[in-house]
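If you want the building blocks of each chain, they are given just below.
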Amino acid sequence: MNEYDSAKMADVLAASDGYQRTTEPDEADLLLLNTCSVREKAQEKVFSELGRWREWKTARPGRQVAVGGCVASQEGEAIARREQLVDVVFGPQTLHRLPQLLDATRASGRPAVDVSFPEIEKFDRLPEPRADGPTAFVSIMEGCSKYCSFCVVPYTRGEEVSRPLHDVLVECAQLAASGVREVTLLGQNVNGYRGAAGDGSTCDLALLIHYVARIEGIERIRFTTSHPLEFDDGLIEAFADEPKLANYLHLPVQSGSDRVLKLMKRNHTAGVYLDKIRRLRAARPDIALSSDFIVGFPGETDDDFRATMDLIAEARFDSAFSFVYSPRPGTPAANLRDGVPPAVKQERLSILQNRIRQLSDEYCRGLVGGTFPVLVERPSRRGDGQMAGRLSNNRWVNFDAPADAVGRFVDVTVTEALSNSLRGRLAEAGATA
Ligand code: SAM
């Protein structure tokens with residue numbers, strides 16, 4: 001989501017004032033910091049990073065610093081008070097106002113702050129999407145109304161607001177026309193999507209996926225992130241019926257303990273989650289599954305943690321993101337008594353991560369020898385002349401292919417499983433799509 005927002009900031013500034021991106025701070029007139037406040041560490045990094053920018057700011061008059069994202073949204077004016085070099089503070093929903101905010105601070109000589117939630121206005125003011133390669137994110141909704149007790153997102157990004165169906169489809173069609181083959185439908189809780197359709201009805205995520213699949217040129221569709229509660233039968237059916245829907249699902253569960261899930265206000269049990277996974281696997285037997293986990297939630301016992309490990313064994317995730325619980329100011333869980341010692345939390349995290357690594361390794365070894373359609377996305381980051389692309393299951397593979405293969409689907413046979421990627425070779429000379 002932050003990657004998407006950063007790209008939009010660059011687009012807005014390019015369209016309004018001709019700003020160009022540079023990798024050299026010395027060349028820059030403006031430094032933008034896009035921030036995350038999901039965990040405390042990310043938040044702390046903001047001020048240490050800004051501290052490093054002081055010299056840059058004073059080295060040339062007229063240089064500007066803007067801070068956006070969720071830390072900006074949460075702290076607002078306090079950021080400019082604490083760090084005097086900051087000229088503009090803007091939130092995830094006001095990034096389209098960045099050019100006006102930069103002008104305002106230039107005119108007044110005082111910091112300009114706007115962290116309001118003007119709902120969907122942002123999307124109406126953004127420049128036309130530009131394709132930057134054969135894959136693209138398409139934001140379909142903003143915010144979250146789930147209010148999990150640990151999570152800061154509803155307070156920093158606001159409640160769920162869906163973009164109208166027509167706007168999403170037009171954006172996908174524009175991207176397809178400029179060479180995009182794969183879209184990732186993006187939002188904090190995409191299966192809460194309820195987009196207004198032209199006839200007065202609302203369209204949910206499953207229906208949206210079917211519409212996007214009909215757009216010429218779009219060959220693969222992903223979505224992220226979803227909440228288990230709204231992962232409904234319609235979506236399971238979409239996995240059964242819609243071959244363009246990628247063979248991958250990221251469905252955060254956070255814990256396998258019903259007691260902890262209740263304290264987290266997730267509003268479902270481990271059993272309900274596993275039942276959804278079972279039905280999903282019936283619809284798409286070889287689907288790759290990933291999840292998010294929080295360990296060391298206040299009061300988490302050994303039994304609670306064991307329940308999480310049991311759920312992992314049963315769901316057979318092939319990858320996961322896992323974090324130690326980080327209390328966030330203003331969230332209900334921040335007031336819970338937390339008796340779990342930090343060393344115990346760290347130990348649980350490493351047990352969980354080792355288990356996921358083991359499942360991931362097994363999964364990847366199982367891919368070796370298989371041949372899969374791969375969208376060639378870019379030259380490999382290793383700089384060895386190979387090309388890189390993703391399988392439908394979201395795994396990266398590196399292989400020899402001509403540079404002009406970028407943007408095409410090719411069949412790749414997996415030859416080796418490494419820890420973070422796969423190696424393969426072209427199964428045939430021609431592209432499949
Ligand atoms: N909407 C998704 C959901 O909850 O189902 C996930 C979006 S959330 C912004 C991304 C992940 O960050 C969460 O799934 C959770 O694992 C992690 N996270 C959020 N708040 C956290 C906290 N206070 N401490 C540690 N991890 C946290």
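Attention here is on the structure that accompanies the text.

Rules of the game
- Residues numbered from 1 in each chain as written.
- Predicted model: local features only at pLDDT ≥ 70, side-chain atom pairs only at ≥ 80, totals over all residues.
- Heavy atoms only, no water.
- Pairing = 2+ DSSP bridges.
- Helix = DSSP H or I, 4+ residues; strand = E, 2+ residues; numbered from the N terminus.
- Axes fitted to C-alpha atoms, helices over the stretch in contact; angles between N-to-C directions.
- Contact = heavy atoms within 4.5 Å.
- Near = heavy atom within 4 Å.
- Polar contact = N/O pair within 3.5 Å; in protein donor to acceptor, adjacent residues only side chain to side chain.
- Areas by Shrake-Rupley, 256 points an atom, 1.4 Å probe, with all protein chains shown as cover.
- Nonpolar A, V, L, I, M, F, W, Y, C, P; charged D, E, K, R; others polar.
- Expected span 1.5 Å × (residues − 1).
- Buried < 20%, exposed > 50% of the residue type's maximum accessible area, 1.4 Å probe, protein only.
- Arc of directions from axis to C-beta.
- Salt bridge = Lys/Arg side-chain N within 4 Å of Asp/Glu carboxyl O.

**What about the sheet that holds strand E1 (residues 30–35)?**
Here comes step 1: Judged by pairing direction, the sheet is parallel, and its four strands sit side by side in the order E1-E2-E3-E4 without closing on themselves. Both edges of this open sheet fall to E1 and strand E4 (112–114), since each of them pairs with a single strand only. Neighbour-to-neighbour, the strand axes of this sheet turn through a mean angle of 10°, independent of strand direction.
Here comes step 2: Pairing of E1 with strand E2 (residues 64–68) involves five bridges; the strand directions are parallel. Bridge pairing links leucine 33 to valine 67 in E2.
Here comes step 3: Packed onto the sheet, helix H1 (residues 2–17) meets E1 and strand E3 (88–90) and runs at close to 155° relative to E1.
Here comes step 4: Sitting on the sheet, helix H2 (residues 40–52) touches E1 and E2, and the angle it makes with E1 is about 170°.

**Remarks on the site of the ligand**
Here comes step 1: The full set close to the ligand counts 18 residues, and Gln188, Gln254, Arg266, Asp292 and Ser326 are the nearest of them.
Here comes step 2: Arginine 39 is positioned with one of its side-chain polar atoms (N or O) 3.5 Å from an oxygen atom of the ligand.
Here comes step 3: Within the side chain of arginine 266, one N or O atom sits 2.8 Å away from an oxygen atom of the ligand.
Here comes step 4: Burial of the ligand by the surrounding chains reaches 92%, relative to a free accessible area of 570 Å².
Here comes step 5: When contributions to the shell around the ligand are tallied by element, the ones reaching two or more residues are strand E13 (288–295) and strand E14 (319–324).
Here comes step 6: By residue class, the composition of the shell around the ligand is eight nonpolar, six polar and four charged.

**Comments concerning helix H9 (residues 165–177)**
Here comes step 1: Between its first and last C-alpha atoms H9 spans 18 Å; for 13 residues at 1.5 Å apiece the expected length is 18 Å, and the two agree.
Here comes step 2: If you check which residues of H9 are buried, you get Leu165, Val168, Glu171, Cys172, Leu175 and Ala176. Buried residues of H9, viewed axially, fall in a sector of 135°; they line one side. Structural note: H9 exposes His166 and Ala177 on the side pointing more than 90 degrees away from its buried face.
Here comes step 3: As for H9, its buried residues are in contact with H1, strand E5 (135–139), strand E9 (195–196), strand E10 (202–203) and helix H10 (205–213).
Here comes step 4: Immediately beyond the C-terminal end of H9, within one or two residues, lies glycine 179, with a positive phi of roughly 105°.

**Some words on the pattern of salt bridges**
Here comes step 1: Counted according to the given criterion, the structure contains 31 salt bridges.
Here comes step 2: Put simply, glutamate 142 and arginine 157 hold a salt bridge, and the shortest N to O gap is 3.7 Å. Of this pair, glutamate 142 sits in strand E6 (residues 141–142) while arginine 157 sits in helix H8 (residues 153–157), and the two are 15 residues apart along the sequence.
Here comes step 3: Look at glutamate 142 and you get buried, because its relative accessible area is 4%.
Here comes step 4: The exposure class of arginine 157 is buried, given its relative accessible area of 3%.
Here comes step 5: The shortest N-O distance in the salt bridge between arginine 390 and glutamate 182 comes to 3.1 Å. Of this pair, arginine 390 sits in strand E16 (residues 387–391) while glutamate 182 sits in strand E8 (residues 182–186); the two residues are 208 residues apart in sequence, bridging distant segments of the chain.

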